[in-house]
Amino acid sequence: MKPILFVSQADTPLPRCLEEVGVAFKLDTVGFAGFTPELVSDCAFVVVSMALVERDDAERLREVFSQVHDVPRAALVDPYKSQQVVQAGSLGLTEHWDKSTSGHIILRKLRSSLKAYGAPELHANVPDATRKGVMEACIAYEGVVLANALSRALPFRQVRDAAFGIAEALRMDGLSVWLSAIQDHHSATFCHCLMVSGLVVQFAEFLDIPEGEQNLLGVGALLHDLGKVKLPLSILDKSGPLSEMEQNLVSLHPEYAQAILDEYPELPYIVRDMAVYHHENLDGTGYPYGLKGDEISRWVRLLSICNAYANLIDTHSGKEGLSPEQALESLSQGKGKLDMDLLGRFRDFILSVPETSSPALLYAKRARA
């Protein structure tokens, strides 16, 4: 996912109005001395702080912007300091943002400019139903992230419709095509949610679960990592291992999900349980509450298996994903933690998924080679 790039004097603290941006968008920072055309070309939007811009800094900005024209940009100014406004205009930064404005307003401006920021660029040969399902699911998930950041009601109807779209894509094109297409997504976070959703919906159909419950499982799968909307994308999409502090923060996401969903008591309990309990283990070693045995519903057990499998086969963040057979073998070592009977059915399900000659799948395989 291309970042929002904040440019300022080196060691300048992030302005308060941009603090919330890092939750909804990937946010990178750079000093004037390190600002290059390559950085601009690889970002979605540039925000330049006009505080303390020296002559050399202005020349650097002017030189870089003269080489890259198609990336949207704005100047962060103190509107009561006319020199900042004039200097921003001389650099071609005609859009001015008041640095004292609220983060909510900045988020709205970015959302308006970037439209479907969370949507991937899919390969041309991805079939229509899968393309539509992926795009709808991405836009719905982005809507959830932004609604949380802007303190708006979560768009549950949009998420429900996206779950229907995933089910339709799977019926039309199959799981292999779905899993291949979403590997194109630039965000590991978005990719994981889409991968788990496809696995859950298709596994539920394999188990002959009634259609109404399948739909709820699809919604729950899309929202299973809801609590992560409280965490910066710079941590969630970090390449390489997390620090202990970062890992501890990520481990709080089920509790964050519970706090969010407490505001929606009308939400079906299946969806709520999937978001809060999917890291619980049958032997009581999971989190956040150390539930065990029958305290964990069948729907959460199903999600836990799909979630763990998705993590094992994922190829994002520099990982070399396991093959289906390797992933299933790894899961079989989780005796006591996972539902072994359900895992046996999951093995049958995964091994029944046919390979396909779809151009989308072949493209994904070439990209990972």
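Quick caveat: nothing in here was measured; it's all calculated off a predicted structure.

**Let's talk about the packing of aromatic side chains**
Step number 1: With the rule as written, the count across this model stands at eleven aromatic pairs.
Step number 2: Look at F35 and F65: their rings are 5.6 Å apart centre to centre, the planes differ by 70°, and that puts the pair in the edge-to-face class. Taken as a pair, F35 in the loop between β2 (27-31) and α3 (37-41) and F65 in helix α4 (residues 55-67) lie far apart in primary sequence, 30 residues in all.
Step number 3: Arranged with centres 5.3 Å apart and planes meeting at 25°, the rings of F203 and F349 form a pair that is stacked. Of this pair, F203 sits in helix α10 (residues 188-206) while F349 is found in helix α18 (residues 340-352), placing the two residues 146 residues apart along the sequence. We note that F203, like F349, is buried.
Step number 4: A connected cluster of aromatic rings, assembled from ring pairs, spans F203, F206, Y309, F346 and F349.

**Re the sheet that holds β2**
Step number 1: Strand order in the open sheet formed by five strands is β2-β1-β3-β4-β5, and the pairing between neighbours is parallel. Looking at the sheet topology across the chains shown, the edges are occupied by β2 and β5 (96-98). Pairs of neighbouring strands in the sheet enclose a mean axial angle of 25°, with direction left out of account.
Step number 2: As judged from the four bridges shared by strand β1 (residues 4-8) and strand β3 (residues 45-49), these two strands associate in the parallel manner. Each bridged residue has a counterpart across the sheet, and for V7 the counterpart in β3 is V48.

**Remarks on the pattern of salt bridges**
Step number 1: Taken as a whole and judged by the stated rule, the model has ten salt bridges.
Step number 2: Residue R160 pairs with D161 through a salt bridge whose shortest N-O separation is 3.2 Å.

**Points about the packing of helix α8 (residues 156-173) against α10**
Step number 1: For the pair α8 and α10, interaxial distance at closest approach is 10 Å and the crossing angle is 65°. Considering their axes alone, α8 and α10 lie roughly perpendicular with respect to each other. The way α8 lies across α10 gives a crossing that is right-handed. Across from I166, A167, L170 and R171 in α8, the residues of α10 making contact are S197, G198, V201, Q202 and E205.
Step number 2: Of the residues in the contact of α8 with α10, the class split is four nonpolar, three polar and two charged.

**A few points about α18**
Step number 1: Its 13 residues place the ends of α18 18 Å apart at the C-alpha level, agreeing with the 18 Å of an ideal helix rising 1.5 Å per residue.
Step number 2: Inspection of α18 places L342, L343, F346, F349 and I350 among the buried residues, and these make up the whole buried set. Each buried residue of α18 sits inside an arc of 115° when the element is viewed along its axis, so together they form one side.
Step number 3: Against the buried residues of α18 lie α9 (175-182), α10, α16 (298-313) and α17 (324-332).

Definitions and cut-offs
- Residues numbered from 1 in each chain as written.
- Predicted model: local features only at pLDDT ≥ 70, side-chain atom pairs only at ≥ 80, totals over all residues.
- Heavy atoms only, no water.
- Phe/Tyr/Trp six-rings, centres within 6.5 Å; stacked < 30°, edge-to-face > 60°.
- Helix = DSSP H or I, 4+ residues; strand = E, 2+ residues; numbered from the N terminus.
- Buried < 20%, exposed > 50% of the residue type's maximum accessible area, 1.4 Å probe, protein only.
- Pairing = 2+ DSSP bridges.
- Axes fitted to C-alpha atoms, helices over the stretch in contact; angles between N-to-C directions.
- Salt bridge = Lys/Arg side-chain N within 4 Å of Asp/Glu carboxyl O.
- Parallel < 35°, antiparallel > 145°, perpendicular 65-115°, else oblique.
- Left-handed = near helix turned anticlockwise from the far one by under 90°.
- Contact = heavy atoms within 4.5 Å.
- Nonpolar A, V, L, I, M, F, W, Y, C, P; charged D, E, K, R; others polar.
- Expected span 1.5 Å × (residues − 1).
- Arc of directions from axis to C-beta.

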